[in-house]
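# Descriptive structure summary
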Amino acid sequence: MKRILLTISYDGTNYSGWQKQKNAVTVQGEFDKACSTLFKTDIESIGASRTDAGVHALGQRAVIDVDTSIPAEKIPLALNPLLPDDIVVTHAEEVGADFNPRFNALKKTYEYSIYNAPFRNPLYRNYSEYVRYELDLDSMRTACEAFVGEHDFRAFCASGNSSKTTVRTIYSLDVEKDGDFIKIRVTGNGFLYNMVRIIAGTLIYVGEGRIAPDDLPEIIASGDRRKAGKTAGPSGLVLVKIMY
C-alpha cells in the first residue's frame, strides 16, 4: 500500500467547497469518485484545507492510500481524464504512511483578488470581489503591518470555528495593484474559519476609510469580531500553495 500526496487545482464556482458532503457536489467528492474509478476500489482522500463554497485553489493537497503499480508521477495523467474540467491534478509523489497533509503543513499561502473599477466586469465575477470606489493602497499596506507575527486572531474568525486555539502566526501580508486588480497575498502557519476573507474585508474597509490603519492593533487585541471588517465574498479567494 502506498500513500500518495497529490496537488490539486480547481475552480470552486460550481462546488459546495472542498469537503465531501452527503447532499452537495464538492471537489473532494468528485476527486474521490475519480480515484475510486481509476484504482477500482473505494478511495477516501484526506485533504489539507477545507476551502468553502466558491473558493478556488491552485495548490490544494490531499493524500490517498492505494495499492497500485502506477508510478506516482504518472497518476495525474491517468486521473485527470476522469475528473471534471474544472478540477486538475498537477503533481503526485509518494510519502510516508504517517504523513498527514493537514497536520504536517508548515505554511499556507492564500491570495485574495479585488476588482476595483467604476463598473463591474462580468468576466471576473467568479474570481474577484468587486469594489466600485478607489481604495487607498497606502493605508491598506500600512494596516498589513499589524497582522504580521503571532497573534490571537479571534476577531478575525467566523462563528462555527472548531479550532482548539485562535492563535496563529502570519509570516507575510502584502497588497499589490495590477491594473484594475488589487491582490492581497497572505502566508501563515494556518488560518481560522473565514480568517483570510475577514482580513480581506477589513483591508477593504481600511481602503475605503471606514477603519484607520492605527486601529488594527486594538481590533486584533480586542478579540471582538464586530470590530473587524466584513467577510469578503468567497469568489476572490484562491488557495495558492501549502508548504511542508
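Everything numeric here is computed off the predicted structure, so don't read it as measured data. (Residues numbered from 1 in each chain as written. Predicted model: local features only at pLDDT ≥ 70, side-chain atom pairs only at ≥ 80, totals over all residues. Heavy atoms only, no water.)

### Thoughts on the overall build of the protein
Along the backbone of the protein there are five helices and 10 strands. Here the C-alpha atoms of the protein give a radius of gyration of 19 Å, agreeing with the 18 Å that 2.2 N^0.38 yields for 244 residues. Dimensions along the principal axes, computed over C-alpha positions, put the protein at roughly 60 × 40 × 30 Å. The burial tally for the protein puts 52% of its 244 residues in the buried class. For the protein, restricting intrachain contacts to residue pairs at least 6 apart in sequence, the fraction spanning at least 24 positions comes to 72%. As displayed, the protein offers around 12,200 Å² of accessible surface, 47% of which is attributable to carbon and sulfur atoms. The distance from the centre of the 29 positive side-chain charges to the centre of the 31 negative ones in the protein is 4 Å. (Helix = DSSP H or I, 4+ residues; strand = E, 2+ residues; numbered from the N terminus. Rg over C-alpha atoms; globule rule 2.2 N^0.38 Å. Buried < 20%, exposed > 50% of the residue type's maximum accessible area, 1.4 Å probe, protein only. Contact = heavy atoms within 4.5 Å. Areas by Shrake-Rupley, 256 points an atom, 1.4 Å probe, with all protein chains shown as cover. Lys, Arg positive; Asp, Glu negative; His and termini not counted. Charge placed at Lys NZ, Arg CZ, Asp CG, Glu CD.)

### Focus on unusual backbone geometry
The phi angle at Lys40 is positive, at roughly 55 degrees, despite the residue not being glycine. Mapped onto the secondary structure, Lys40 falls in the loop between α1 (27-39) and β2 (46-47). In the Ramachandran plot, Asn194 falls in the positive-phi region, its phi being about 65 degrees despite a non-glycine side chain. For Asn194, the location among the structural elements is in the loop between β9 (181-188) and α4 (195-208). The exposure class of Asn194 is buried, given its relative accessible area of 15%.

### Digging into the pairing of strand β1 (residues 2-10)
Of all nine residues in β1, eight are buried, a share of seventy percent or more. Judged from the eight bridges that link them, β1 and strand β3 (residues 56-66) form a sheet pairing that is antiparallel. When the bridges of β3 are listed, Lys2 appears paired with Val66. Relative to strand β4 (residues 87-95), β1 runs antiparallel, the two being bridged by eight bridges. Considered in β4, the bridge of Leu6 is made with Ala92. (Pairing = 2+ DSSP bridges.)

### Digging into α1
Look at α1: 18 Å from first C-alpha to last across 13 residues, which is about the 18 Å you get at 1.5 Å a residue. Of all 13 residues making up α1, 11 are buried, and the element is well covered by its neighbours. Listed as buried for α1 are Val27, Gln28, Gly29, Glu30, Phe31, Asp32, Ala34, Cys35, Ser36, Leu38 and Phe39. Close packing links the buried residues of α1 with β1, β2, β3, α2 (75-79) and β4. (Expected span 1.5 Å × (residues − 1).)

### Quick word on the packing of aromatic side chains
Under the counting rule described, the total for this entry stands at 11 aromatic pairs. Plain terms: the ring middles of Tyr115 and Tyr130 are 6.3 Å apart, the flat faces sit at 35 degrees to each other, and that makes the pair tilted. Taken together, the positions of Tyr115 in strand β5 (residues 107-116) and Tyr130 in strand β6 (residues 129-131) put the pair 15 residues apart, joining distant regions of the chain. By relative accessible area, Tyr115 is classed as buried at 8%. Ring centres 6.3 Å apart and planes at 75 degrees place the aromatic pair Phe153 and Phe156 in the edge-to-face group. Overall, the relative accessible area of 0% leaves Phe156 in the buried class. Connected via pairs of aromatic rings, a cluster forms that spans Tyr115, Tyr124, Tyr130 and Phe181. (Phe/Tyr/Trp six-rings, centres within 6.5 Å; stacked < 30°, edge-to-face > 60°.)

### Quick word on the environment of Gly160
If you trace the backbone, Gly160 turns up in the loop between β7 (149-152) and β8 (167-178). Measuring from C-alpha to C-alpha, the distance between Gly160 and Asn194 comes to 9.8 Å, with 34 residues separating the pair along the chain.

### Focus on the packing of helix α3 (residues 137-147) against α4
Orientation of α3 relative to α4, taken along the N-to-C sense of each, is 140 degrees, at an axis distance of 8 Å. As judged from the angle between their axes, α3 and α4 are oblique. Where α3 crosses over α4, the two elements pack in a sense that is right-handed. Touching Ser139, Met140, Ala143, Cys144 and Phe147 of α3 are Ile199, Leu203, Ile204, Val206 and Gly207, all from α4. For the contact of α3 with α4, the residue count by class is eight nonpolar, two polar and no charged. (Axes fitted to C-alpha atoms, helices over the stretch in contact; angles between N-to-C directions. Parallel < 35°, antiparallel > 145°, perpendicular 65-115°, else oblique. Left-handed = near helix turned anticlockwise from the far one by under 90°. Nonpolar A, V, L, I, M, F, W, Y, C, P; charged D, E, K, R; others polar.)

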